[in-house]
Amino acid sequence: MIAIEAKNISHHVEGFALNDINLAIPKEKITTIIGPNGSGKSTFLKIISQLLTCKCGEICIYDKPVECYKKKDFARTVSMLPQSKQSLPDITVKELVSYGRSPYKSLFQKGNTSTDEEIIEWAMEVTGTAKNQNRMFHSLSGGEQQKARIAMALAQKTDILLLDEPTTYLDIAHQIDVMEILQEINKEYKITIVMVLHELQQAAAYSDFLIALKGGCVADFGEPQSILTSEFLKTVYNIDASIRFEDSYPIIIPNKSTKGK
């Protein structure tokens, strides 16, 4: 079943263009958008999330055009965690996670309902942030901050979770921690996850499907082991390398140049 469908998406801004993107993103799977810098990954994700309005084409969520969703209904269906290094006000982790309940609150509602509290506690438990709930967000390490931000997105209680480079700025241990949490969320709660990643090996190891963009166009789409080949690396990344898989993890070995020998 399809969760998200892009139909003839084109978007031109500041010398960059997405060109005629046509894609179907499966429901209840992890799909990762990959590609070299400047290929349009984050732009495409922002169009899906309605942070950007495309100049041409249509995004459908569960066969319904996004413009047909009321704002609150869309926020109850799709949550977006943008890439961020912005400082936040002095708030605790629990206060941050509580922001995820905003689409469910009336204009004059103060505080959280018992349902809100239950979902907030669930989101913190799932992400391993419950132990930090009373700590100030700014006092946490980068990895713990990112898990708290993911908990906030989960508290929005949507079927679809979008993440723009969720492992950027993190060391390798925290990168793996975050990826394993996202994989567990997908498998346990059947939440459709669509994210942008730069780390190709992590994308392949933790994703069911990959979307490769290059120059604003779709270069390839499919299961990691079916599309990740030496030819793919050459075409999309201009890398001369061999590739093999150990279980689901790809090993990429650059071919040494023989020039001058």
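Here, every reference points to the structure presented above.
Residues numbered from 1 in each chain as written. Predicted model: local features only at pLDDT ≥ 70, side-chain atom pairs only at ≥ 80, totals over all residues. Heavy atoms only, no water.

K.L.:
Got a minute to help me understand the sheet that holds strand E5 (residues 64–65) in this structure?
P.N.:
Pairing between sheet strands relies on hydrogen bonds along the backbone, with the strands arranged either parallel or antiparallel. One open sheet accounts for four strands, arranged E2-E1-E4-E5; its pairing is antiparallel. A strand with exactly one partner marks an edge of an open sheet, and here the two such strands are strand E2 (16–26) and E5. Packed onto the sheet, helix H1 (residues 41–49) meets strand E1 (2–13), E2 and strand E4 (56–61) and runs at close to 60 degrees relative to E2. (Pairing = 2+ DSSP bridges. Helix = DSSP H or I, 4+ residues; strand = E, 2+ residues; numbered from the N terminus. Contact = heavy atoms within 4.5 Å. Axes fitted to C-alpha atoms, helices over the stretch in contact; angles between N-to-C directions.)

K.L.:
Help me understand the pattern of salt bridges, please; the structure alone is not making it clear to me.
P.N.:
Two side chains of opposite charge can pair, provided their charged atoms sit close to one another. As enumerated under the stated definition, the model contains seven salt bridges in all. Here Glu-144 and Lys-147 are joined by a salt bridge, their closest N and O atoms 3.2 Å apart. Remark: Lys-147 and Glu-144 occur in helix H5 (residues 142–155); sequence separation between them is three residues, near one turn of the helix. The residue Arg-244 makes a salt bridge to Glu-246 at a minimum N-O spacing of 3.3 Å. Several salt bridges converge on common partners, so that one network encompasses Lys-131, Glu-144, Lys-147 and Asp-177. (Salt bridge = Lys/Arg side-chain N within 4 Å of Asp/Glu carboxyl O.)

K.L.:
Looking at this structure, I do not really get the packing of aromatic side chains. What am I missing?
P.N.:
Where two aromatic rings form a pair, the distance of their centres and the angle of their planes describe that pair. For the coordinates displayed, the defined rule picks out four aromatic pairs. Each ring, one from Tyr-69 and one from Phe-74, has its centre 5.8 Å from the other, and the planes form 80 degrees; the classification is edge-to-face. A residue is classified by how much of its surface remains accessible, and Tyr-69, at 14% relative accessible area, is buried. On the numbers, 5.9 Å between centres and 5 degrees between planes, the contact of Phe-209 with Phe-221 is stacked. Of this pair, Phe-209 sits in strand E9 (residues 209–214) while Phe-221 sits in strand E10 (residues 217–222), and the two are 12 residues apart along the sequence. (Phe/Tyr/Trp six-rings, centres within 6.5 Å; stacked < 30°, edge-to-face > 60°. Buried < 20%, exposed > 50% of the residue type's maximum accessible area, 1.4 Å probe, protein only.)

K.L.:
Help me understand the packing of helix H4 (residues 114–127) against H5 in this model?
P.N.:
How two helices sit against one another is set out by the angle between their axes and by the gap between those axes. Running from N to C, H4 and H5 cross one another at 140 degrees; their axes reach a closest spacing of 8 Å. It follows that H4 is oblique to H5 by the angle criterion. In this structure, the crossing between H4 and H5 has a hand that is right-handed. Two secondary-structure elements touch here, H4 through Ile-119, Trp-122, Ala-123, Met-124, Val-126 and Thr-127 and H5 through Lys-147, Ile-150, Ala-151, Leu-154 and Ala-155. Its residues assigned to classes, the contact of H4 with H5 comprises nine nonpolar, one polar and one charged. (Parallel < 35°, antiparallel > 145°, perpendicular 65-115°, else oblique. Left-handed = near helix turned anticlockwise from the far one by under 90°. Nonpolar A, V, L, I, M, F, W, Y, C, P; charged D, E, K, R; others polar.)

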